[in-house]
Amino acid sequence: MAGPALPMDDRDGVIWYNGNLVPWREAKAHVLIHSLHYGNSVFEGERIYNGKVFKLREHSERLHKSANMLAYELPYSVEELDRATELVVKENKLDSGYVRPLAWRGAEVIGVSAIGTKVHVMIAAFPWGAYYGQKAIKLVTSRWKRPSPESSPAGSKAAGLYIICTLAKDEALAAGVQDALMHDYKGRLSEATGANLFLAINGELHTPTTETILNGITRQTVMELARKRGIKVVEREIWPDELAKASEVFLTGTAVEVQPVSAIDKQEFEVGPITQQMIADYSALVRS
Ligand SMILES: Cc1ncc(COP(=O)(O)O)c(C=O)c1O
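Labelled according to an unreviewed UniProt entry, the protein chain appears under the name Branched-chain-amino-acid aminotransferase, originating from Gemmata obscuriglobus. The UniProt entry for the protein chain carries the following text under Function (unreviewed entry): "Acts on leucine, isoleucine and valine." Within the UniProt record for the protein chain, the comment given under Cofactor (unreviewed entry) is "pyridoxal 5'-phosphate".

Written out as structure tokens, the structure is:
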């Protein structure tokens, strides 16, 4: 977000917290909660357009799936999460902005095992503008690799998996570019620190398979939009030397939307017709 922002714990408004709306500054958790020590909270990121959360159902379902992949159940159904999200958006009077649901395991026990912890859920909603605030962004290749699915539950939006994303992102910012592109444990292209990757090659869209990445809801939406336009979409393993064949590169994600990439390391790309079409189609769909 551009410019100085209000601290996240010192704002007006309300947060949905375990079934109740509580004043923003009172939505607190204890220092001994299990998830703070062992990284097993799960979360979502959603965008509000014209007062409505885009693909709300899909996000609430993914929060459940993420928790299940970490071997726990949420105490609220998908339907209850949807209603709670709508309530918190309305109570905070948000016409546009971002929603951050989070589920975590409580402070009943300490130790690696989480058996015996209670599961808590909160949903916060707040204003949030463009993620990068730039027409096209530059990426550097990160030294951090997305782990093998045997080493991490890659499809889960679990806090612990973001350790390498935060390291990669902050190293990219320190290098003077906007974000990092990660390779996976085999050296294939995977994704950016909070967004999926697309390459335009000979008029087709190519995107990495979901083995080591988060299968973004925006990624799935953009693949559908491209196919509707008659653009062939290919999900496959993609190796770094193939960037030389790409005329256009863009990222997709709830926060970044459809974001053109002008360079990855020394390789440059144009903001070309496929990227522009996908920006227009996505922008129209989220506001429809
Ligand atoms: C690591 C990562 N990959 C991809 C995405 C894009 O996912 P979505 O389109 O569901 O927001 C996100 C954002 O949630 C992310 O954090």
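So much for the structure itself; the text now carries on.
1. Let's talk about the packing of helix α5 (residues 217-228) against helix α6 (residues 273-286)
Following both chains from N to C, one finds α5 and α6 inclined at 110°, their axes separated by 10 Å at the closest point. What the angle tells us is that α5 and α6 run roughly perpendicular. The two elements α5 and α6 meet at a crossing, and its hand is right-handed. Taking contact as the criterion, the partners of T218, T221, V222, L225 and A226 in α5 are, on α6, M278, D281, Y282 and L285.

2. Details of unusual backbone geometry
For K55, which is not a glycine, the phi torsion comes out positive at approximately 55°. Overall, K55 belongs to the partly exposed group, its relative accessible area being 25%. In this model, K93 sits at a positive phi of 55°, which is unusual for a non-glycine residue. Its place among the elements puts K93 in the loop between α3 (78-91) and β6 (97-105).

3. Considerations on the site of the ligand
Around the ligand, the structure places 14 residues, and the nearest of them are Y162, E191, I217, T218 and T254. Between K157 and the ligand, the recorded distance is 2.8 Å, taken from a side-chain N or O atom to an oxygen atom. T218 is positioned such that a nitrogen or oxygen atom in its side chain is 2.6 Å from an oxygen atom of the ligand. Notes on the ligand: free accessible area 380 Å², of which the protein chains cover 95%. For the shell around the ligand, the per-class residue count stands at four nonpolar, seven polar and three charged.

4. Digging into helix α4 (residues 162-174)
Because an α-helix completes one turn every 3.6 residues, residues spaced three or four positions apart along the sequence face the same direction. Over its 13 residues, α4 extends 18 Å from the first C-alpha to the last, a length consistent with the 18 Å expected when each residue adds 1.5 Å. Of the surrounding elements, those touching the buried residues of α4 are β8 (137-146) and β9 (179-184).

5. As for the environment of D82
As for its placement among the helices and strands, D82 is situated in helix α3. Placed 26 residues apart in sequence, D82 and L56 show a C-alpha to C-alpha distance of 6.6 Å. Once residues within four sequence positions are removed from consideration, D82 is found in contact with L56, R57 and S60. Engagement of the side chain of D82 in a polar contact is seen with the side chain of R57, the distance being 2.6 Å.

Cut-offs used in this document
- Residues numbered from 1 in each chain as written.
- Predicted model: local features only at pLDDT ≥ 70, side-chain atom pairs only at ≥ 80, totals over all residues.
- Heavy atoms only, no water.
- UniProt positions renumbered as here; feature names shortened; annotations may be inferred.
- Axes fitted to C-alpha atoms, helices over the stretch in contact; angles between N-to-C directions.
- Helix = DSSP H or I, 4+ residues; strand = E, 2+ residues; numbered from the N terminus.
- Parallel < 35°, antiparallel > 145°, perpendicular 65-115°, else oblique.
- Left-handed = near helix turned anticlockwise from the far one by under 90°.
- Contact = heavy atoms within 4.5 Å.
- Buried < 20%, exposed > 50% of the residue type's maximum accessible area, 1.4 Å probe, protein only.
- Near = heavy atom within 4 Å.
- Polar contact = N/O pair within 3.5 Å; in protein donor to acceptor, adjacent residues only side chain to side chain.
- Areas by Shrake-Rupley, 256 points an atom, 1.4 Å probe, with all protein chains shown as cover.
- Nonpolar A, V, L, I, M, F, W, Y, C, P; charged D, E, K, R; others polar.
- Expected span 1.5 Å × (residues − 1).

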